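A structural walkthrough
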Amino acid sequence: MTTSSYQAISIELRHCAKTFPDGTRVLHDLDLEIYPGETLVLLGPSGCGKTTTLRLIAGLETPDTGGQVLFNGQDVTALDIAKRNVGMVFQSYALFPNMTVAENVGYGLRIQKLPADQQKQRVGEMLEMMRLTKLANRHIDQLSGGQRQRVALARAIATRPRVLLLDEPLTALDAQLRDSLRVEINLLLRQLGITAVYVTHDQSEAMALGDRIVVMAEGRISQIGTPRQIYHQPKNDFVADFIGTMNRVQGNISLRRFTCPAGSLAVQADDKEQAELMFRPEDVRVSTELHDDGLQGNVSASFYLGDRTRLLVDIGQERHIVVESAARCELQPGQRVVMNLGNQAALVA
Amino acid sequence: MKPKKLSFALQLIFSLCVCGFLIIPVVMSALAGLTVNYFVGLESGLTLRWIVEVWHAYGDTISRSIGISLACLVVTLVLGVPAAYVLARRSNRITRAFEELLMLPIAVPGLATALALVSVYGSVGEFRGSWTFILVGHVLFTLPFMVRAVLAVMLTLNLKTLEEGAASLGASHWQRFAHVVLPNCRHGIVAGALMVLTLSIGEFNLTWLLHTPYTKTLPVGLADAYASMRLEVGSAYTLIFFVIIVPLLVATQALAKPRTRKFIDKAPATPGLALVKS
């Protein structure tokens, strides 16, 4: 299979809102551009509108009047899913129980009325690529979850679709399988160079797979950016808290120093009477050598996680500070520590 | 372990008694149809005379019954499968009301349904006198069984997603229905077909009122034979009925299981089976 077999098209959503017949507004006037060949991840809690957005792109839902879906600049809003030439992987896989693995993979080709020998050849290629050749004549109910997942992927890409759409494809699997399949999907998407839209509520999945991530909340886009941007420069509280853990400390800033009852540290921000300092647990350096620079507090709990140790530090405010430190950290609850932040690790709001 | 053995023996005796209670009349009836004189007993000898007599007198009722039941099967398939599909795909107040409505011909005594048909269409001479008049009654009565059986299987499948999957691969409405919906509902369709065939062949209540002397069916003829002829003739008739219905049932059942598949095992028992003919 060569990369050139797959086209990489751009997708654009213009003013796409969606109201369900019962009056629920699940999407508010959404504008979104997906670049050719990129993997865009729609991330958010359930009910945020991410699946509806995917279904709009697929053609399984139509946007409210005025909304437009464009593939490579061409308006496909009125086009039925069957005519959009999209490949789709469903959360429940939607594999046909009455067909074998090979028949499932070849179904799209059968519909396209591809000559029989070409069908056979393409199905063979797909099965080999997804390591399913030995299972070709099995029925769907004789497959494990991971195998079903791979059949669903093979079926979706067999027709060489213009876009690959994946709706929480790993949710139904157990954690270990999820990790290995995530790597597999990632490799596949890179190899194909196909424009892909991936829906998930799992942030680590989003981070691992997305060229860009769209964080959604309550039918609106909260932020679009690369995984780094989303993690290190969250645009708002929702994004900051939804992705990873964010520590927050109240205080003030004067002369490029943030000061609060627990201490002070240098920040790159202008003076502010009431400021909020935000930082990630892994950006904190903890030390038992007490000094004036940094925030002081008492370790309130320590969780050994194998590859690292998570500490909770009480600095006198309601929410304790979460700190990720090295696995061999020997700090015990009750010990007094001072915390400092690396360069550019602090966000100020 | 004596008490265990005793309880097993008691259970066995009980089971055999129940079996005997049910099977002996069947055997006696079959024997009656083959005995020269039932009142004298087996010593009067065995004969096929009664069977031949029935064949001559009522042969047309047998072929008519089979014809009507097959026609009934075709009509219930054409009407029932799409109806079940709509009920499965669109669950709203209207479809639920429709489902209830569909069950009415089972709840209402067959006699009442037949009376309604006769009082409205009785004056339409050609229709009233033809076998299609009986067919209408049979379809009314058997359609809910087909719909229920197919619907039960459809509800265990995630039809919406399956169809969306097929659509994403370019399949049209018709292709989705033919390639995905129908084959995956085969089990329900076969179960429904079995119900419809057997119910239609054995239907008496409705047919008793709907038939004319020229459109007698097998059960009507059977009643006729028992009422007006020798007991041996009626019994021979039963024997013929039995010989016809059993292979039919076996053949239909065989269609249901070319492949054993897990997802089908999970399908609930057909609700129609729990309903008793009114």
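Read on for a plain summary of the structure. (Residues numbered from 1 in each chain as written. Chains lettered and ligands numbered in written order. Predicted model: local features only at pLDDT ≥ 70, side-chain atom pairs only at ≥ 80, totals over all residues.)

Regarding the packing of helix H2 (residues 49-89) of chain B against helix H9 (residues 186-202) of chain B
Residue and element names in this part refer to chain B. The geometry of H2 relative to H9 is characterised by a closest axis approach of 9 Å and an angle of 140° between their N-to-C directions. Relative to H9, H2 is oriented so that their crossing is right-handed. On the side of H2, the interface is formed by Ser 65, Ile 68, Ser 69, Cys 72, Leu 73, Thr 76, Gly 80 and Val 81, while H9 contributes Ile 189, Gly 192, Ala 193, Val 196, Leu 197, Ser 200 and Ile 201. Counted by class, the contact of H2 with H9 contains nine nonpolar, six polar and no charged residues. (Axes fitted to C-alpha atoms, helices over the stretch in contact; angles between N-to-C directions. Helix = DSSP H or I, 4+ residues; strand = E, 2+ residues; numbered from the N terminus. Left-handed = near helix turned anticlockwise from the far one by under 90°. Contact = placed C-beta atoms within 7 Å. Nonpolar A, V, L, I, M, F, W, Y, C, P; charged D, E, K, R; others polar.)

Describing the interface of chain A and chain B
The partner chain B presents 18 residues to the 20 residues of chain A that form the contact. Of the residues in the side of chain A that touches chain B, the class split is 12 nonpolar, seven polar and one charged.

Points about the sheet that holds strand S7 (residues 163-167) of chain A
By definition, the strands of a sheet pair up through backbone hydrogen bonds, in either a parallel or an antiparallel sense. All names here are of chain A. Spatially, the six strands line up as an open sheet ordered S6-S7-S8-S3-S9-S10, and their pairing is mixed. Looking along the sheet, the strands with just one partner apiece sit at the ends: strand S6 (86-89) and strand S10 (220-225). Adjacent strand axes in the sheet meet at a mean angle of 15° when their direction is disregarded. One ladder, built from four bridges, connects S6 with S7; its direction is parallel. Among the inter-strand pairings, Val 89 is bridged to a residue of S7, identified as Leu 166. Against the sheet, helix H5 (residues 145-158) touches S6 and S7, its axis set at about 170° to S6. (Pairing = 2+ DSSP bridges.)

Structural notes on unusual backbone geometry
Residues and elements named next belong to chain A. A positive phi angle is found at Asn 72, which is not glycine, with a value near 55°. Relative to the elements of secondary structure, Asn 72 occurs in the loop between strand S4 (68-71) and strand S5 (74-75). For Asn 72, a count of 14 C-beta atoms within 10 Å corresponds to the partly exposed category. Even without being glycine, Arg 160 reaches a positive phi, approximately 50°. Positionally, Arg 160 belongs in the loop between H5 and S7. (Buried ≥ 20, exposed ≤ 12 C-beta atoms within 10 Å, placed from the backbone.)

Describing the environment of Glu 163 of chain B
Residue and element names in this part refer to chain B. One can find Glu 163 in helix H7 (residues 159-168). Linking Glu 163 and Leu 182, residues 19 residues apart in sequence, is a C-alpha distance of 11 Å. In this structure Glu 163 touches Arg 176 and Val 180, once residues within four positions along its chain are discounted.

Re helix H6 (residues 175-192) of chain A
Residue and element names in this part refer to chain A. With 18 residues, H6 should reach 26 Å at 1.5 Å per residue; the first-to-last C-alpha distance of 26 Å fits that figure. Taken as a whole, H6 has its buried residues at Leu 181, Ile 185, Leu 188, Leu 189 and Leu 192. Buried residues of H6, seen end-on, are gathered within an arc of 95° and therefore sit on one face of the element. Projecting away from the buried face of H6 at angles above 90 degrees are the exposed residues Gln 176, Ser 180, Val 183 and Leu 187. Among the structural elements, strand S3 (39-43), H5, strand S8 (195-200) and helix H7 (203-209) are those in contact with the buried residues of H6. Remark: Gly 193 follows H6 within two positions and exhibits a positive phi of approximately 65°. (Expected span 1.5 Å × (residues − 1). Arc of directions from axis to C-beta.)

A few points about the nonpolar core
The biggest cluster of nonpolar side chains holds 134 residues, and the ones touching the most others in it are Ala 154, Leu 165, Val 197 and Val 214 of chain A together with Val 150 of chain B. No other element matches the 16 residues that helix H6 (residues 131-156) of chain B contributes to this core. Not counting residues up to four positions away in its chain, the partners in contact with Ala 154 of chain A are Val 105, Met 126, Leu 127, Met 130 and Leu 132 of chain A. Counting residues in hydrophobic clusters, the runner-up holds 22 residues, among them Ala 275, Val 284, Leu 295 and Val 299 of chain A. (Core = buried A, V, L, I, M, F, W, Y, C linked by C-beta atoms within 7 Å.)

Structural notes on the environment of Arg 49 of chain B
Residues and elements named next belong to chain B. Following the sequence through the fold, Arg 49 ends up in helix H2. A count of 13 C-beta atoms within 10 Å places Arg 49 in the partly exposed class. In the structure, Arg 49 is positioned 25 residues away from Val 74 in sequence and 36 Å away in space, judged by C-alpha atoms.

Some thoughts on the sheet that holds strand S1 (residues 11-19) of chain A
All names here are of chain A. Ordered in space as S2-S1-S4-S5, the four strands form an open sheet in which the pairing is antiparallel. Unpaired on one side and paired on the other, strand S2 (25-34) and S5 mark the two borders of the sheet. Here two bridges tie S4 to S5, and the two strands are oriented antiparallel to one another. Each residue of the ladder has a partner; that of Leu 70, found in S5, is Asp 75. Docked against the sheet, helix H1 (residues 50-58) engages S1, S2 and S4, running at close to 120° with respect to S1.

So, the environment of Ile 57 of chain A
Residue and element names in this part refer to chain A. Secondary-structure assignment places Ile 57 in helix H1. Look at Ile 57 and you get buried, because 28 C-beta atoms sit within 10 Å. A sequence separation of 14 residues divides Ile 57 from Phe 71, and the C-alpha atoms of the two residues are 9.0 Å apart. Sequence-distant contacts of Ile 57, that is, excluding residues within four places in its chain, are made with Ile 11, Val 69, Val 163, Leu 165 and Val 197.

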